[in-house]
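Structural characterization, general
These are the residues of each chain, in order.
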Amino acid sequence: MCLAIPGKIVSSEMHNGIRVGRVQFGGITRETCLDFVPEASVGDYVIVHVGFAISRVDREEAERSYEVLESMGLLKGELESDLEGAEAEK
Amino acid sequence: MKYLDEYRNEEIARGIVAELGRRATKPWVLMEICGGQTHTLMRYGIDEMLPAGIELVHGPGCPVCVTSLETIDKATEIASRPGVTLISYGDMLRVPGSRTDLFHVKAKGGDVRVVYSPTEALKFARANPGRKVVFFAVGFETTAPANAMAVWQAKREGLANFSMLASHVLVPPAIRALLSSPRNRVQGFIGPGHVCTVMGYREYQDLIREFRVPIVVGGFEPLDLLEAILMLVTQLEEGRAEVENQYVRSVTYEGNLLAQKVLAEVFEVCDRKWRGIGGIPESGLSLREEYAEFDADRIFGTEGVTADEPAECISAEVLQGLKKPTDCSAFGTRCTPENPLGAPMVSSEGACAAYYRYRRHAIPATVNR
């Protein structure tokens with residue numbers, strides 16, 4: 001869980017005063033807080049850790065390190081969630 | 001060199017290894033702090049291709065591994081209570097506590113859920129006001145701002161059914177503890193690239209002044225680690241001890257100031273017990289008094305829980321770089337990722353799990369079926 005994964009920002013909006021976006025990692029998209037990277041906008045690549053972008057990186061760098069993480073089989077566990085997309089439970 | 005041929009920058013990597021061979025005139029012991037780096041080193045067999053005499057030992061940088069036994073016990077106790085939903089990162093579920101683990105609590109009907117982000121725990125709390133939602137927050141400085149933000153938001157929204165069992169740890173005090181030990185062998189450190197992305201590397205300069213040991217902040221790809229090793233060996237051979245930044249693509253001197261700000265707003269430095277290592281002064285983060293209403297430890301009255309660690313697991317020595325996972329008599333036999341004796345075998349970032357995955361050939365043939 002201490003891994004940070006590079007992904008591409010595909011959307012960005014304000015939510016209760018917090019900047020939230022969707023970030024794409026390979027075929028998976030996850031909601032991501034963008035508050036710590038005001039310099040990054042849609043189309044940019046960011047390093048994401050537990051749903052928070054912590055730095056902006058260039059595309060080539062992002063693709064290379066994604067490939068390394070994928071080769072180690074570490075991506076699935078890192079993006080695993082019981083709750084993603086889940087509705088409220090009664 | 002069995003794995004590097006799968007790497008697209010193989011030629012450059014071999015060039016760095018050759019340069020290392022030319023520069024290293026003495027044996028040196030280097031430690032990588034971060035579990036993610038351990039994984040890359042094992043996956044690409046980097047430790048096995050270094051010139052003889054350059055030894056890599058693996059540090060305590062796996063947050064799941066160093067979370068104290070009593071913290072796990074607190075989590076299992078809270079998760080067993082009616083009306084509670086305990087939410088954590090996936091790796092935490094199989095970490096053995098004194099009597100049970102979260103996975104077994106869940107199997108027995110406890111509401112334990114896995115998320116990849118604390119934000120999801122907040123959402124669950126908003127949507128389920130009848131549940132007491134506890135986020136089990138572990139992690140180093142990389143993770144702390146995200147967890148801090150969740151508590152900050154909960155306070156702002158007055159989300160009364162959300163709380164946090166926080167057990168954050170800090171890297172520089174752990175390095176200080178390792179270097180202060182009379183058994184220390186480490187002569188240079190590969191600094192943790194993502195911790196430093198958040199915190200910068202200012203703090204590491206104090207360590208250099210105190211201990212005269214070189215630290216090179218490194219990234220997570222094979223070339224990053226080889227380059228960091230080369231920078232460390234160069235410093236050691238030249239008699240220098242400085243902080244250098246190999247991972248300039250992500251790390252700056254100041255770090256991410258916005259992340260640091262929310263971290264400091266919600267958390268304060270505290271003494272922390274590390275699994276396998278023991279207490280380290282000022283090595284953790286806990287919720288500030290202003291956020292006490294979100295402190296699960298207080299809400300559920302688990303502050304007094306204590307636990308003793310099992311004797312068979314040598315994780316203490318593994319986490320301090322004194323022993324390799326393969327030095328353990330239980331490695332790969334009585335201790336496997338499916339049936340772990342200690343935390344470093346559980347987490348995907350633990351050194352024992354990395355060795356199990358990539359170095360199973362090191363298990364003596366007599367016991368390897």
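The rules behind the values
Residues numbered from 1 in each chain as written. Chains lettered and ligands numbered in written order. Predicted model: local features only at pLDDT ≥ 70, side-chain atom pairs only at ≥ 80, totals over all residues. Contact = placed C-beta atoms within 7 Å. Helix = DSSP H or I, 4+ residues; strand = E, 2+ residues; numbered from the N terminus. Nonpolar A, V, L, I, M, F, W, Y, C, P; charged D, E, K, R; others polar. Domains from an automatic or database assignment. Core = buried A, V, L, I, M, F, W, Y, C linked by C-beta atoms within 7 Å. Buried ≥ 20, exposed ≤ 12 C-beta atoms within 10 Å, placed from the backbone. Pairing = 2+ DSSP bridges. Axes fitted to C-alpha atoms, helices over the stretch in contact; angles between N-to-C directions. Parallel < 35°, antiparallel > 145°, perpendicular 65-115°, else oblique. Left-handed = near helix turned anticlockwise from the far one by under 90°. Expected span 1.5 Å × (residues − 1). Arc of directions from axis to C-beta.

**As for the interface of chain B and chain A**
Accessible area lost when the parts come together is the quantity often used to give the size of an interface. On the chain A side, the residues contacting the 42 residues of chain B number 34 residues. Contributions of two or more residues to the side of chain B that touches chain A are made by α2 (35–43), α4 (63–66), β4 (111–114), α7 (118–127), α8 (144–157), α10 (193–199) and α13 (257–266) of chain B. Broken down by class, the residue content of the side of chain B that touches chain A amounts to 18 nonpolar, 16 polar and eight charged.

**Points about the domain arrangement of chain B**
All names here are of chain B. The domain architecture assigned to chain B consists of domain 1 (1–313) and domain 2 (315–362). On a C-alpha basis, the centroid separation for the pair domain 1 and domain 2 is 17 Å. Contacts between the two partners involve 30 residues from domain 1, matched on the other side by 22 residues from domain 2. Contributions of two or more residues to the side of domain 1 that touches domain 2 are made by α2, β2 (54–61) and α4. In terms of residues, the side of domain 1 that touches domain 2 owes the most to one element, α2, which gives six residues.

**Some words on the nonpolar core**
Ala53 of chain A together with Phe136 of chain B are the most contacted members of the largest nonpolar core, which has 145 residues in total. No other element matches helix α12 (residues 222–238) of chain B, which puts nine residues into this core. In terms of domain composition, this core takes at least three residues from each of domain 1 (1–313) and domain 2 (315–362) of chain B. Ignoring sequence-local partners within four residues, the contact set of Ala53 of chain A consists of Thr32, Cys33, Leu34, Phe36, Val37, Ala40, Val46, Ile47 and Val48 of chain A.

**A closer look at the sheet that holds β2 of chain B**
Residue and element names in this part refer to chain B. Spatially, five strands are ordered β2-β1-β7-β8-β9 in an open sheet, and the strand pairing comes out parallel. At either margin of the open sheet sits one strand with a lone partner, and together these are β2 and β9 (243–245). With direction set aside, neighbouring strand axes in the sheet form an average angle of 25°. Two elements, strand β1 (residues 28–34) and strand β7 (residues 188–192), share three bridges in a ladder whose sense is parallel. Within β7, the residue paired with Leu30 across the bridge is Gly188. Sheet strands touched by α2: β1, β2, β7 and β8 (215–218). Its angle to β1, the strand with the most contacts, is close to 120°.

**Comments concerning the packing of α8 of chain B against α13 of chain B**
All names here are of chain B. α13 packs onto α8 with a crossing angle of 55° between their chain directions and a minimal axis gap of 8 Å. The angle between α8 and α13 falls in the class oblique. Read as a crossing pair, α8 and α13 show a hand that is left-handed. Every residue of α13 that contacts α8 at Ala144, Pro145, Ala148, Met149, Val151 and Trp152 is listed here: Ala259, Val262, Leu263, Glu265 and Val266. Of the residues assigned to the contact of α8 with α13, the class counts are 10 nonpolar, no polar and one charged.

**A few points about unusual backbone geometry**
Phi is positive for Val50 of chain A, which is not a glycine, with a value near 40°. Position of Val50 of chain A among the secondary structure elements: in the loop between β4 (45–49) and β5 (52–57). In this model, Arg212 of chain B sits at a positive phi of 50°, which is unusual for a non-glycine residue. Relative to the helices and strands, Arg212 of chain B resides in the loop between α11 (202–211) and β8. A tally of 12 C-beta atoms within 10 Å means that Arg212 of chain B is categorised as exposed.

**A short note on helix α1 (residues 59–71) of chain A**
All names here are of chain A. Its 13 residues give α1 an end-to-end C-alpha distance of 18 Å, which sits within 8% of 18 Å, the value for a rise of 1.5 Å per residue. Considered for burial, the residues of α1 that qualify are Ala62, Ser65, Val68 and Leu69. Projected down its long axis, α1 carries its buried residues within an arc of 130°, all on one side. Turned more than 90 degrees off the buried face of α1, the exposed positions are Arg59 and Glu60. Downstream of α1 by one or two residues, Gly73 has phi in the positive range, about 65°.

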